[in-house]
Amino acid sequence: MSLPLKIALRYLMSKKAHNAVNIISVVSVCGIVVATMALVCVLSVFNGFRGLIMGRLAMLDPEVAITAAVGKTIARPDSVLAAVTTVPGVERAVAVVEDQALAVFADYQMPVRLKGVPDDYDRMCAIDTLMVDGMWTLHDDVSTYGVVGVGPALQLHVRPGYLRMLQFYAPQRRGRVNLANPMGAFKADSLFVAGVFQLQQNSYDTDLIYVPIDMARRLFDREQEATQIELRLAAGADVGPVLRAVRQCLGPSYTVRDRLMQQATAYRLVNIEKWMAFLLLGFILLIATFNVISTLSLLIIEKDDSIHTLRWLGASNRQISAIFVAQSWLITLAGAATGVVLGLLLCLCQQHFGWLKLQGDPASMVVHAYPVQVVWTDLLMVLAMVAAVGALTAFVVWLTMRRRLRAVSTRA
């Protein structure tokens, strides 16, 4: 251990001549501890919410989605299905048809998203676990059914078991519009409602309705087309290599996306909020270091006699400056280490005990406590932020000592 560091440790641990310096020293360390702890906790909470959102969306989003790079539909879905099912890691592939339509039930109507899927689509996703009323089925021996989101169910006042059919209207894609018969410009179809699902995510609950794919193709006049090919991967398959293999198999005419790419907007918004909070808390950490500068400034004044003694003993200006620069680093690093440890302890306690609860109706909430997920890269970012602030503090202390030593040399 170098001599400046030994003296800095002694100055840090020893009792100061003035009680105010002791109080400011404690406050400066506590400020860094609290700011660092807040950084760890807030970033972990944002990670928890991001994981929660992505986990909920993953219940209905396909693991891999294939769409046309140009245009809205895939012209030859059967050939695409045959090609992708040969890719190692792909367990199942289905074609779906999705488009906008007008839903009408009794005196109620609203625009909806119709998604035409196969009858066994519940093998592709967890839709059957999200049913809040009725069950997942699209066909039986005599009738055709749809499964509606909770938003359309409430707005259209529809639910399973009603004898009235839910009607859909979509514009004709071909032919001319007869102004004398405006309804002739629309294709219509109808079905009964088999169930209502709720994901508790607006992108699905607000307007989505699942219908049989043959009905969607008739309604949207896409008998030989699909708007998307969805893949389910085999257990243990790594999505990265599968994604690259599918892209290589299909070529540039198709866009292949995993779940994060499908929800890029939601993922980006959560990340923006997370790093904005990081910058704001980093600014608070920067303000907290002003206390460190104040503490060291007072300590420099208090140790004026000791500085003179060190000079008489042969210490150079650089060595004397290094003492107080080292002390600024000790305060910053001690506060940062304590803050990281306390932040991790709080996050672990929140994970296991859920002390901090979310406000709202428990019956309508996915989780009741703030979700927390600690990511080691975030800890590195926090430590990097603390190191940057510590370097700035050390530089200010070095400038202060330089001026102080110059003044002492001038008086001497």
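Please refer to the structure higher up on the page.
Residues numbered from 1 in each chain as written. Predicted model: local features only at pLDDT ≥ 70, side-chain atom pairs only at ≥ 80, totals over all residues. Heavy atoms only, no water.

Peer 1: Go over the overall build of the protein chain, please, and point to the residues and values.
Peer 2: Along the backbone of the protein chain there are 12 helices and 10 strands. In terms of overall size, the protein chain is more extended than a compact globule, its C-alpha atoms giving a radius of gyration of 32 Å where 412 residues would be expected to give roughly 22 Å. Burial statistics for the protein chain: of 412 residues in total, 44% are counted as buried. Surface summary for the protein chain: the accessible area is close to 21500 Å², and the carbon and sulfur share equals 61%. Of the charged side chains in the protein chain, 37 are positive and 30 negative, and the gap between their average positions amounts to 18 Å. (Helix = DSSP H or I, 4+ residues; strand = E, 2+ residues; numbered from the N terminus. Rg over C-alpha atoms; globule rule 2.2 N^0.38 Å. Buried < 20%, exposed > 50% of the residue type's maximum accessible area, 1.4 Å probe, protein only. Areas by Shrake-Rupley, 256 points an atom, 1.4 Å probe, with all protein chains shown as cover. Lys, Arg positive; Asp, Glu negative; His and termini not counted. Charge placed at Lys NZ, Arg CZ, Asp CG, Glu CD.)

Peer 1: Just give me the short version of empty space enclosed by the protein, but keep the residues and values in it.
Peer 2: Under the definition given, this model contains one cavity of 30 Å³ or more. The computed volume of the largest cavity comes to approximately 30 Å³. Lining the largest cavity are Leu 39, Val 40, Leu 43, Ser 44, Val 374, Val 375, Asp 378, Leu 379 and Val 382. When residues of the lining of the largest cavity are assigned to their parent elements, the largest contribution, four residues, is made by helix α2 (residues 19-57). (1 Å grid on protein atoms, 1.4 Å probe; cavity = no way out; pocket = protein on both sides within 12 Å on 5 of 7 lines; lining within 4 Å. Points joined across faces, edges and corners; volume = space filled by probe spheres on them.)

Peer 1: Quick rundown of the pairing of strand β1 (residues 64-68)? Include the residues and the values.
Peer 2: The element β1 is largely enclosed, with a buried count of five among its five residues. Residue alternation in β1 divides its side chains into two sets, Val 64, Ile 66 and Ala 68 and Ala 65 and Thr 67, and both sets are buried. In terms of strand pairing, β1 meets strand β9 (residues 228-233) through three bridges, oriented antiparallel. Paired with Val 64 across the two strands is Leu 231, which belongs to β9. As judged from the five bridges shared by β1 and strand β10 (residues 254-258), these two strands associate in the antiparallel manner. Bridged to Ile 66 within β10 is Val 256. (Pairing = 2+ DSSP bridges.)

Peer 1: Explain the packing of aromatic side chains residue by residue, including any values.
Peer 2: Inspection of the entire model under this criterion finds 10 aromatic pairs. Seen in terms of ring centroids, Trp 136 and Tyr 210 are 5.7 Å apart; in terms of plane orientation they differ by 75°. Their pairing is edge-to-face. Placement of the pair is Trp 136 in the loop between β4 (131-134) and β5 (145-149) and Tyr 210 in strand β8 (residues 208-212), with a sequence separation of 74 residues. The exposure classification of Trp 136 matches that of Tyr 210, with both residues buried. Plain terms: the ring middles of Phe 197 and Tyr 210 are 5.5 Å apart, the flat faces sit at 55° to each other, and that makes the pair tilted. With Phe 197 in strand β7 (residues 186-197) and Tyr 210 in strand β8, the pair connects residues that are 13 residues apart, well separated along the chain. (Phe/Tyr/Trp six-rings, centres within 6.5 Å; stacked < 30°, edge-to-face > 60°.)

Peer 1: Account for the nonpolar core, with residues named and values stated.
Peer 2: Residues Leu 285, Ile 307, Ile 320, Phe 324, Val 382 and Met 401 are the most contacted members of the largest nonpolar core, which totals 35 residues. When residues of this core are traced back to their parent elements, those giving at least two are α1 (3-13), α2, α9 (264-302), α10 (304-312), α11 (317-353) and α12 (376-411). In contact with Val 382, other than residues within four places in its own chain, are Thr 36, Leu 39, Val 40, Leu 43 and Phe 278. Among the nonpolar cores identified, the runner-up in size contains 25 residues, and Ala 103, Met 110, Leu 114 and Ala 216 belong to it. (Core = buried A, V, L, I, M, F, W, Y, C linked by side-chain atoms within 4.5 Å. Contact = heavy atoms within 4.5 Å.)

Peer 1: Help me get a handle on the environment of Ser 253, residues and values and all.
Peer 2: Tracing the backbone shows Ser 253 in the loop between α7 (239-250) and β10. Linking Ser 253 and Met 37, residues 216 residues apart in sequence, is a C-alpha distance of 49 Å. Those residues in contact with Ser 253, other than ones at most four positions away along the chain, are Ala 68 and Ala 69.

Peer 1: Outline the state of the cysteines, listing residues and values.
Peer 2: Taken as a whole and assessed by the stated rule, the structure comprises zero disulfides. Here Cys 349 is not disulfide-linked; the sulfur of Cys 347 is the nearest cysteine sulfur, at 9.4 Å. (Disulfide = S-S within 2.5 Å.)

Peer 1: Break down helix α3 (residues 77-84) for me, citing the residues and quoting the values.
Peer 2: Within α3, burial applies to Pro 77, Val 80, Leu 81 and Val 84. The buried residues of α3 occupy an angular sector of 100° when projected down its axis, which confines them to one face. Where α3 is buried, its residues touch β1, β2 (90-105), α6 (213-220), β9, α7 and β10. (Arc of directions from axis to C-beta.)

Peer 1: So what about the layout of surface pockets? Which residues, and what values?
Peer 2: There is about 430 Å³ of room inside the largest pocket. Taken together, 17 residues make up the lining of the largest pocket; nearest its centre are Glu 98, Arg 113, Lys 115, Gln 228 and Arg 257. Its residues assigned to classes, the lining of the largest pocket comprises four nonpolar, six polar and seven charged. Taken as a whole, the second largest pocket encloses approximately 150 Å³ of empty space. Contributing to the lining of the second largest pocket are Cys 41, Val 45, Leu 346, Cys 347, Gln 350, Trp 355, Leu 356, Tyr 370 and Val 372. Tallying contributions element by element places α11 first for the lining of the second largest pocket, with three residues. Of the residues contributing to the lining of the second largest pocket, the split by class is eight nonpolar, one polar and no charged. (Nonpolar A, V, L, I, M, F, W, Y, C, P; charged D, E, K, R; others polar.)

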